[in-house]
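Spelled out, the chains give:
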Amino acid sequence: MKLRAARPVIALSSAGLLAGALVAVSGTSAQAATVRYEAESSPAVCTGAVETEWSGYSGSGFCNATNAVGAYAQFTVTAPASGTATLGVRFANGTTTARPASVVVNGTTVTTASFEGTGAWTGWTTKTLTVPVNAGSNTIRLNPTTANGLANIDYADVETSGGTTTPPASGALYVAPGGTDGAAGTIDAPTTLTSAIGRVTAGGTIYLRGGTYSQSSTITVPAGNNGTSAARTTISAYQSEKPVLNFSAQSESSTNRGLQLFGNYWRVHGITVEHAGDNGIYIGGSHNVVERTVTRFNRDTGLQLGRTASSTPAADWPADNLILSAESHDNADSDGEDADGFAAKLTTGTGNVFRYAVSHNNIDDGWDLYTKSDTGAIGPVTVEDSLSYNNGTLSDGSQAGNGDRNGYKLGGEDIAVNHIVRRSFAVKNGKHGFTWNSNPGTMAVSNNVAVDNGEHNFSFDGGSSVFRGNTSCRTGSGTNDRIIGDSDSSNQFWSGTNGSRCSAYTGALGWSYASDGKLVVTFGGSAVTP
């Protein structure tokens, strides 16, 4: 947009418009609520102008901030208690250059965001962020870090936790950031997560209250601490609160993981693990469900499955784990070549499934299913109804030359494993969208969509994989797909032109989770399926 002199504008409320209009409430009255804060409505601040030039905005306008470093948009958000808030920032960027910004909460930079090009100034889309908040009033500022300034900002949907009703769980243990090892573990006398893991009974529940848990040592659910097939032992966010396990005190080292899950029949739900010195979450046990987690800013793969020790026999490698509705992003090691979003590689058993998972902006691959000759084949992995995008480039726009940058890397070292990849998206990853990576097995690759990946959308130079119903699209020129295997006319691979199905996959990419945890992917604001 055109350059303007930098001046803060206190957004004015139009008649009948409330700055914090309630737009959605999930669950009962004691649950989290989502409140919409319009960028044009007081007490929001727009360092630029409130405009109506581009259609599709909410409310009475949008913030077109000045094209300059520090020309910010700011929201004032009310939270019922200290904890975390989930922000859905609706924006449009009609250029082809991402516009990065610091996210500043109450004067402190807590994270960064990159507002990528959306195809047009009317191509409104939503970026989801998680930030800490205090009880009461909080300022959340989007502070651009380049001379291009911000994207146009429409509103922020903010979900904060509220309510204090105790769930009806007999014998549950409660954990809070200020908890102590010797505390009773009640809601009024919370304990620590390490203490609760040692005390919880099989099939019991550990509730984590919202807030940031500053950790310096790995937290481990040890082998032998098991739930049962009828009743998994659970670590869960309390109600809709947002617990964040922060391991920034750790140095980068393969021994400095965040959360290690070595037990069987556990469920981990609703937590964020960040800044670990190695993996954010590492799963060495079996029959576990890891759901609605976020792994971010860790210094190796965000969430990885693998054996618990070098002496673990193949029969005891992690098997039958379900990763469900999980997000992994901005994981990066100092060498820029190892940190994926998700990985089930090297030493994993059979039956592991990723469903409704999203991997984006990791320095290496979105998914890594690598095998090595010294450990042999891993068990077949299923990846379904998932999304991988922008891997190889972090959210702040930085890159590393050593990363592989694939969306889904499905093999290694000519070891055959018959993975299943279906109904998933690969969009704008730095190298290939879906790649065999020297896996000569018979993989089932069906009903997937790949759009504008850096080299091949689909790269399968060998093997006997079966391809059905896949779609490959480009918005400009690109490299033809490479397919060896069983492929029929149900596929629309790219060889210089788009097939008829590509018309559905144009415009800015967006995604969200439905209330039931299913992944909803949009292009140009319209929900699509592969």
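Everything numeric in this text was worked out from a predicted model, so none of it was measured.

### Re the sheet that holds strand 37 (residues 434–435)
Strand-to-strand pairing in sheets goes through backbone hydrogen bonds, with the strands running parallel or antiparallel. The 10 strands lie next to each other as 16-19-22-25-28-31-34-37-40-43, forming an open sheet whose pairing is parallel. Edge positions in the sheet fall to strand 16 (219–221) and strand 43 (482–483), since each of these pairs with one other strand and no more. Strand direction decides the pairing type here: strand 19 (residues 259–261) and strand 22 (residues 281–283), joined by three bridges, are parallel. Its bridge partner being in strand 22, leucine 261 is matched across the sheet by isoleucine 283.

### With respect to the state of the cysteines
Evaluation of the coordinates by the stated rule reveals two disulfides. Across the disulfide, cysteine 46 is cross-linked to cysteine 63 (sulfur-sulfur distance 2.1 Å). In this structure the cystine formed by cysteine 46 and cysteine 63 twists about its S-S bond by roughly 85 degrees; its chirality is therefore right-handed. You can see cysteine 46 sitting in strand 4 (residues 45–51) and its partner cysteine 63 sitting in strand 5 (residues 62–65), a full 17 residues away along the chain. Judged on exposure class, the residue cysteine 46 and its partner cysteine 63 are both buried. Here cysteine 473 is linked by a disulfide to cysteine 502, with a sulfur-sulfur distance of 2.1 Å. Taking the sign of the S-S torsion, -90 degrees for the link of cysteine 473 and cysteine 502, the bridge is left-handed. With cysteine 473 in strand 42 (residues 471–473) and cysteine 502 in the loop between strand 44 (486–487) and strand 45 (509–513), this residue pair connects regions lying 29 residues apart in the sequence. No difference in accessibility class separates cysteine 473 from cysteine 502, as the two residues are buried.

### Some details on the confidence of the model for the protein
Averaged over every residue, the pLDDT of the protein is 90; residues scoring 70 or more account for 92%. In the predicted structure, residues 1–32 sits below a pLDDT of 50 and forms 83 contacts with residues beyond four places in sequence or in another chain.

### Side note on the sheet that holds strand 47 (residues 526–528)
Pairing is antiparallel across the open sheet formed by three strands, whose spatial order is 45-46-47. What marks the edges here is a single partner per strand, and that holds for strand 45 and strand 47. Within this sheet the neighbouring strands show an average axis-to-axis angle of 40 degrees, counted without direction. Relative to strand 46 (residues 519–523), strand 45 is paired through five bridges, and the arrangement is antiparallel. Residue pairing in the sheet places leucine 509 in a bridge with phenylalanine 523 of strand 46.

### Considerations on the domain arrangement of the protein
By the assigned domains, the protein splits into domain 1 (35–161) and domain 2 (172–502). Centre-to-centre separation of domain 1 and domain 2, based on C-alpha positions: 29 Å. When the two sides are added together, the surface that domain 1 and domain 2 hide from each other amounts to roughly 920 Å², 50% of it contributed by carbon and sulfur. At the boundary of domain 1 with domain 2, the tally comes to one salt bridge.

### Overview of the pairing of strand 8 (residues 99–105)
The buried fraction of strand 8 amounts to seven of the seven residues, a majority that puts the element mostly inside the structure. Residues Arg99, Ala101, Val103 and Val105 of strand 8 are buried on one face, and the alternating residues Pro100, Ser102 and Val104, pointing to the opposite face, are buried as well. Sheet topology note: the strand 8/strand 9 (residues 108–115) ladder contains seven bridges and is antiparallel. Counterpart to arginine 99 in the pairing with strand 9 is phenylalanine 115. The turn joining strand 8 and strand 9, which pair antiparallel and follow one another in sequence, is formed by two residues; a positive phi near 55 degrees is taken by asparagine 106.

### Section: the pattern of salt bridges
As enumerated under the stated definition, the model contains 20 salt bridges in all. For lysine 409, the salt bridge is made with aspartate 368, and the minimal N-O distance between the two is 3.6 Å. Taken together, the positions of lysine 409 in strand 34 (residues 408–409) and aspartate 368 in strand 31 (residues 367–368) put the pair 41 residues apart, joining distant regions of the chain. Judged on exposure class, the residue lysine 409 and its partner aspartate 368 are both buried. Across the salt bridge formed by arginine 422 and glutamate 384, the nearest N and O atoms sit 2.8 Å from each other. Separated by 38 residues along the polypeptide, arginine 422 in strand 35 (residues 420–422) and glutamate 384 in strand 32 (residues 381–384) bring together distant segments of the chain. Here glutamate 384 falls in the buried class, since its relative accessible area comes to 4%.

### A short note on the side chain of glutamate 291
Looking at the element boundaries, glutamate 291 is found in strand 23 (residues 289–291). On the accessibility criterion, glutamate 291 (16% relative accessible area) is buried. Among the polar contacts listed, one links the side chain of glutamate 291 to the side chain of arginine 267, at a separation of 3.2 Å. When sequence neighbours within four positions are dropped, the list of residues in contact with glutamate 291 reads Arg267, Val268, His269, Gly270 and Leu324.

### A word on the environment of asparagine 321
Looking at the secondary structure, you find asparagine 321 in the loop between strand 25 (303–305) and strand 26 (322–324). With 55 residues separating them in the primary sequence, asparagine 321 and tryptophan 266 have C-alpha atoms 9.6 Å apart. Each residue touching asparagine 321, except ones within four places of it in the same chain, is listed here: Ile283, Gly285, Ser286, His287, Asn288, Leu305, Gly351, Asn352 and Val353. Among the polar contacts made by the side chain of asparagine 321, one reaches the main-chain carbonyl oxygen of glycine 285 at a distance of 3.0 Å. A distance of 3.0 Å separates the side chain of asparagine 321 from the backbone nitrogen of asparagine 288, its partner in a polar contact.

### A word on the nonpolar core
In this structure, Leu193, Ile206, Leu208, Leu303, Ile323, Phe354 and Phe460 are the most contacted members of the largest nonpolar core, which totals 52 residues. Here this core gets three residues from one element, more than from any other, and that element is helix 1 (residues 193–199). In this view, isoleucine 323 contacts Ile283, Val290, Leu303, Leu305, Phe342, Val353, Phe354 and Arg355; residues no more than four positions away in its chain are not counted. Within the second largest apolar cluster, 30 residues are counted, among which are Phe91, Val131, Leu142 and Leu150.

### Some thoughts on the pairing of strand 17 (residues 233–237)
Counting buried residues along strand 17, five of its five residues qualify, which places the element largely inside the surrounding structure. Burial along strand 17 is two-sided: the residues Thr233, Ile235 and Ala237 and Thr234 and Ser236 are all buried. When strand 14 (residues 205–208) meets strand 17, the two strands line up parallel, connected through four bridges. By the bridge assignment for strand 17, leucine 208 is matched with alanine 237. With four bridges joining them, strand 17 and strand 20 (residues 266–269) adopt parallel strand pairing. Pairing of isoleucine 235 across the sheet is with valine 268, part of strand 20.

Calculation notes
- Residues numbered from 1 in each chain as written.
- Predicted model: local features only at pLDDT ≥ 70, side-chain atom pairs only at ≥ 80, totals over all residues.
- Heavy atoms only, no water.
- Pairing = 2+ DSSP bridges.
- Helix = DSSP H or I, 4+ residues; strand = E, 2+ residues; numbered from the N terminus.
- Disulfide = S-S within 2.5 Å.
- Buried < 20%, exposed > 50% of the residue type's maximum accessible area, 1.4 Å probe, protein only.
- pLDDT = per-residue confidence, 0-100.
- Contact = heavy atoms within 4.5 Å.
- Axes fitted to C-alpha atoms, helices over the stretch in contact; angles between N-to-C directions.
- Domains from an automatic or database assignment.
- Buried area = accessible area lost by both parts, 1.4 Å probe.
- Salt bridge = Lys/Arg side-chain N within 4 Å of Asp/Glu carboxyl O.
- Polar contact = N/O pair within 3.5 Å; in protein donor to acceptor, adjacent residues only side chain to side chain.
- Core = buried A, V, L, I, M, F, W, Y, C linked by side-chain atoms within 4.5 Å.

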